Amino acid sequence: QVLLVESGGGLVQAGGSLRLSCAASGLTFGSYAMGWFRQAPGKERVFVAAITRSGSSTYYADSVKGRFTISRDNAKNTVYLQMNSLKPEDTAVYYCAASRLVMPISTRGGYDYWGQGTQVTVSS
């Protein structure tokens, strides 16, 4: 059984930072590209960031470029999302996802497994 478990969400003031983690089990972690998506209330789930299997390449949505950093530790089966300079519009449930594709993509359909999400709330 594949499990992706996110953690690290919470309430933070605008300008602050959070680091999300996603621990994976039940899959060969290094064989999967990983991504982070987010879903704000009443809105669709959208792409935030992705990283290749080895971690050599990363991709970001324009809205978070320069503020967020995705990384992974294949020895720990964990992917991270460091979020700096947070804004109220970053408020959402954040989901990690695993993809069998060699090159990660920004669409939800490219991902095979999803976590349950972690809430991030940024106050103004």
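The structure we're discussing is the one just above.
All values reported here derive from a predicted model rather than from experimental measurement.

J.: Account for the pairing of strand 3 (residues 18-25), with residues named and values stated.
T.: The pairing of strand 1 (residues 3-7) with strand 3 spans 5 bridges and is antiparallel. From the neighbouring strand, leucine 3 faces strand 3, where its bridge partner is serine 25. Of the strand pairs in this sheet, strand 3 and strand 8 (residues 78-83) are connected by 6 bridges, and their pairing is antiparallel. Pairing of leucine 20 across the sheet is with leucine 81, part of strand 8.

J.: Now, about the environment of leucine 18: what can you tell me, with residues and values included?
T.: Within the secondary structure layout, leucine 18 lies in strand 3. For leucine 18, a relative accessible area of 15% gives the class buried. Sequence spacing of leucine 18 and glutamate 89 is 71 residues, and the spatial spacing of their C-alpha atoms is 14 Å. Setting aside residues up to four positions removed in sequence, leucine 18 forms contacts with Gly8, Gly10, Val12, Leu81, Gln82, Met83, Leu86 and Val120.

J.: Outline the sheet that holds strand 8, listing residues and values.
T.: Strand order in the open sheet formed by 4 strands is 1-3-8-7, and the pairing between neighbours is antiparallel. Across the chains shown, the open sheet's two edge strands, defined by having one partner strand only, are strand 1 and strand 7 (68-73). Going from strand to strand, the sheet's axes swing by 15° on average, the running direction of each strand aside. As paired strands, strand 7 and strand 8 are joined by 6 bridges and run antiparallel to one another.

J.: Give a description of the nonpolar core that names residues and reports values.
T.: Counting 33 residues, the largest nonpolar core has Met34, Trp36, Leu81, Met83 and Tyr94 as its most contacted members. For this core, the secondary-structure elements that each account for two or more residues are strand 3, strand 4 (33-39), strand 5 (45-51), strand 7, strand 8, strand 9 (92-99) and strand 11 (118-123). Residues within four places of tyrosine 94 in sequence aside, it is in contact with Glu6, Leu20, Trp36, Phe37, Arg38, Val48, Phe68, Leu81, Met83, Gly117, Thr118 and Val120.

J.: Residue-level account of the packing of aromatic side chains, with values.
T.: Remark: the centre distance and the inter-plane angle together describe each pair of aromatic rings, the angle taken between the planes. Summed over the entire model, instances satisfying the criterion amount to 5 aromatic pairs. Both rings, one in phenylalanine 37 and one in phenylalanine 47, keep their centres 5.7 Å apart while their planes meet at 80°; by these two values the pair is edge-to-face. In this pair, phenylalanine 37 is assigned in strand 4 and phenylalanine 47 in strand 5, connecting sequence segments 10 residues apart. Neither phenylalanine 37 nor phenylalanine 47 differs from the other in exposure class; each is buried. These aromatic residues form a ring-pair network of at least three members: Phe37, Phe47, Tyr111 and Trp114. Lying over the aromatic face of tyrosine 80, arginine 19 brings its terminal NZ or CZ to 4.0 Å of the ring centre.

J.: Break down the pattern of salt bridges for me, citing the residues and quoting the values.
T.: Applying the stated criterion across every chain yields a total of 4 salt bridges. The partner of aspartate 62 in a salt bridge is lysine 65, with the nearest N and O atoms 3.1 Å apart. Aspartate 90 is the salt-bridge partner of arginine 67, the closest N and O atoms lying 2.8 Å from each other. Placement of the pair is arginine 67 in the loop between strand 6 (58-60) and strand 7 and aspartate 90 in the loop between strand 8 and strand 9, with a sequence separation of 23 residues. The class of arginine 67 is buried, set by a relative accessible area of 11%. Overall, the relative accessible area of 0% leaves aspartate 90 in the buried class.

Definitions and cut-offs
Residues numbered from 1 in each chain as written. Predicted model: local features only at pLDDT ≥ 70, side-chain atom pairs only at ≥ 80, totals over all residues. Heavy atoms only, no water. Pairing = 2+ DSSP bridges. Helix = DSSP H or I, 4+ residues; strand = E, 2+ residues; numbered from the N terminus. Buried < 20%, exposed > 50% of the residue type's maximum accessible area, 1.4 Å probe, protein only. Contact = heavy atoms within 4.5 Å. Axes fitted to C-alpha atoms, helices over the stretch in contact; angles between N-to-C directions. Core = buried A, V, L, I, M, F, W, Y, C linked by side-chain atoms within 4.5 Å. Phe/Tyr/Trp six-rings, centres within 6.5 Å; stacked < 30°, edge-to-face > 60°. Lys NZ or Arg CZ within 6 Å of the ring centre and 35° of its normal. Salt bridge = Lys/Arg side-chain N within 4 Å of Asp/Glu carboxyl O.

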